[in-house]
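# Notes for the structure review
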Amino acid sequence: MKKKISIEGMSCGHCVAHVEEALKEIGADSIAVSLEKKSAEIEAGSLTDEKIKAAVEEVGYDVIKIESI
C-alpha cells in the first residue's frame, strides 16, 4: 500500500536524508522524500501509520498527516 506522509520541519538535503534513513530502518520501500512538497511517498507494506509517524518524529520532524494513495 502506498502512503503519502506530510512532514514539517525539513529545511535541507540533510533533513531529507534523515527522513529517508528513518523510513528505510522500519522497512519502507520505494521511498521518495520531497523537500519542496514537504512530504514523503513510500510503499508501506504492513507498516502502520503509528509506526511511520514514530520513526519520522524520532529523527526530529513533525508528521502532519498520513494518507493512502
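Let us look at the structure shown here. For every chain, the first residue of the written sequence is number 1, and numbering continues from 1 along that sequence. A pLDDT threshold of at least 70 governs which residues receive local features in this predicted model, and a stricter bar of 80 or more applies before side-chain atom pairs are shown or counted, although totals over entire chains, interfaces and linings include all residues. Note that the side-chain values use all heavy atoms of the structure and ignore hydrogens as well as water.

### Quick look at the sheet that holds strand β1 (residues 2-8)
With antiparallel pairing, four strands are arranged side by side in an open sheet as β2-β3-β1-β4. Edge strands, defined here as strands with exactly one partner in the open sheet, are β2 (29-34) and β4 (62-68). For this sheet, the mean inter-axis angle between neighbouring strands, taken without regard to orientation, is 15 degrees. Of the strand pairs in this sheet, β1 and β4 are connected by six bridges, and their pairing is antiparallel. Residue pairing for β4: lysine 3 is matched across the bridge by serine 68. Here a residue-residue contact requires only that any non-hydrogen atoms of the pair lie within 4.5 Å. Axis lines are fitted to C-alpha atoms, over the contacting stretch for helices. Their N-to-C directions set the angle, which ranges from 0 to 180 degrees. Numbered from the N terminus, helices here are DSSP runs of H or I no shorter than four residues, and strands are runs of E no shorter than two. Packed onto the sheet, helix α2 (residues 49-58) meets β1, β3 (39-43) and β4 and runs at close to 150 degrees relative to β4. By definition, two strands form a pair when at least two bridges between them are found by DSSP.

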